[in-house]
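Take a look at the letters that make up each chain.
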Amino acid sequence: MEIVTKILTALVAIEHLYILWMEMFAWETKGKQVFKSALPPELFKPTKGLAANQGLYNGFLAAGLIWSFLIKDPEWQTNVALFFLGCVAVAGIYGAISSTKKIFFVQALPAILAIIAVLLK
């Protein structure tokens, strides 16, 4: 179960590194492809700064999850992983409610599965 937990947590971290890249550096290209149904095309240029800020926050989530792999104490490792996975899950649930339901499946569900794996290990 330990390996499954690490794989799921790593996948969530990698996803958020990808979101960081997309929102901070590729908002008007890849971001436009990913969020084409959520925003009209003319809004990508004026929202570039806002997206970059969101990307930075996604980077913090990824950094916290990566940090959890470096913690030697099992209890602290679990607590840090649960905290950051919980933040991802809440953000994904809020995104699903406020923007598009797709965010739940892309962001919240992987974090929830990782939380379950962490709690079962």
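Conventions we followed
Residues numbered from 1 in each chain as written. Predicted model: local features only at pLDDT ≥ 70, side-chain atom pairs only at ≥ 80, totals over all residues. Heavy atoms only, no water. Helix = DSSP H or I, 4+ residues; strand = E, 2+ residues; numbered from the N terminus. Contact = heavy atoms within 4.5 Å. Axes fitted to C-alpha atoms, helices over the stretch in contact; angles between N-to-C directions. Parallel < 35°, antiparallel > 145°, perpendicular 65-115°, else oblique. Left-handed = near helix turned anticlockwise from the far one by under 90°. Nonpolar A, V, L, I, M, F, W, Y, C, P; charged D, E, K, R; others polar. 1 Å grid on protein atoms, 1.4 Å probe; cavity = no way out; pocket = protein on both sides within 12 Å on 5 of 7 lines; lining within 4 Å. Points joined across faces, edges and corners; volume = space filled by probe spheres on them. Buried < 20%, exposed > 50% of the residue type's maximum accessible area, 1.4 Å probe, protein only. Expected span 1.5 Å × (residues − 1). Polar contact = N/O pair within 3.5 Å; in protein donor to acceptor, adjacent residues only side chain to side chain. Lys, Arg positive; Asp, Glu negative; His and termini not counted. Salt bridge = Lys/Arg side-chain N within 4 Å of Asp/Glu carboxyl O.

- For the protein chain, the name recorded in an unreviewed UniProt entry is Membrane protein, with Chryseobacterium camelliae as its organism.

## A word on the side chain of Thr-5
- Residue position: Thr-5 is located in helix α1 (residues 2–25).
- For Thr-5, the contacting residues outside a window of four places in its chain are Ala-117, Val-118 and Lys-121.

## Some points on the packing of α1 against helix α5 (residues 102–120)
- At a minimum axis distance of 8 Å, the contact between α1 and α5 shows a crossing angle of 155°. Here α5 runs roughly antiparallel to α1, going by the angle between their axes. Between α1 and α5 lies a crossing whose hand is left-handed. Contacts between α1 and α5 pair Thr-5, Leu-8, Thr-9, Val-12, Glu-15 and His-16 from the former with Val-106, Gln-107, Pro-110, Ala-111, Leu-113, Ala-114, Ala-117 and Val-118 from the latter.
- Here the contact of α1 with α5 is built from residues that sort into nine nonpolar, four polar and one charged.

## Here we look at the layout of surface pockets
- Reported here for the largest pocket is a volume of approximately 840 Å³.
- If you go around the largest pocket, you meet 27 residues; those closest to its centre are Glu-23, Phe-35, Gln-54, Ile-103 and Gln-107.
- Within the residue set of the lining of the largest pocket, elements represented by two or more residues are α1, α3 (48–70), α4 (74–98) and α5.
- Per-element accounting of the lining of the largest pocket gives the leading share, six residues, to α3.
- Its residues assigned to classes, the lining of the largest pocket comprises 15 nonpolar, nine polar and three charged.

## Looking at the environment of Ala-62
- As for its placement among the helices and strands, Ala-62 is situated in helix α3.
- On the basis of relative accessibility, which here comes to 0%, the residue Ala-62 falls in the buried class.
- Residues in contact with Ala-62, not counting those within four places in the same chain, are Ala-13, His-16 and Leu-17.

## Re α4
- The end-to-end C-alpha distance of α4 is 36 Å, a good match for the 36 Å that 25 residues give at a rise of 1.5 Å each.
- Taken together, the buried positions of α4 are Gln-77, Thr-78, Val-80, Ala-81, Phe-84, Leu-85, Val-88, Ala-89, Gly-92, Gly-95 and Ala-96.
- Residues of α4 that are buried sit in contact with α1, α3 and α5.
- Here α4 starts with a cap whose side-chain oxygen sits 3.2 Å from the backbone nitrogen of Glu-75, and that cap is Asp-73.

## Some thoughts on the side chain of Glu-23
- For Glu-23, the location among the structural elements is in helix α1.
- One buried charged residue, Glu-23, forms no salt bridge at all, with the nearest opposite charge on Lys-102 at 12 Å.
- Side-chain polar atoms of Glu-23 contact the backbone nitrogen of Gly-55, separated by 3.0 Å.
- One polar contact links Glu-23 to Asn-58, side chain to side chain, over a distance of 3.1 Å.
- With residues up to four places along the chain from it excluded, the contact list for Glu-23 reads Phe-35, Lys-48, Ala-51, Ala-52, Gln-54, Gly-55 and Asn-58.

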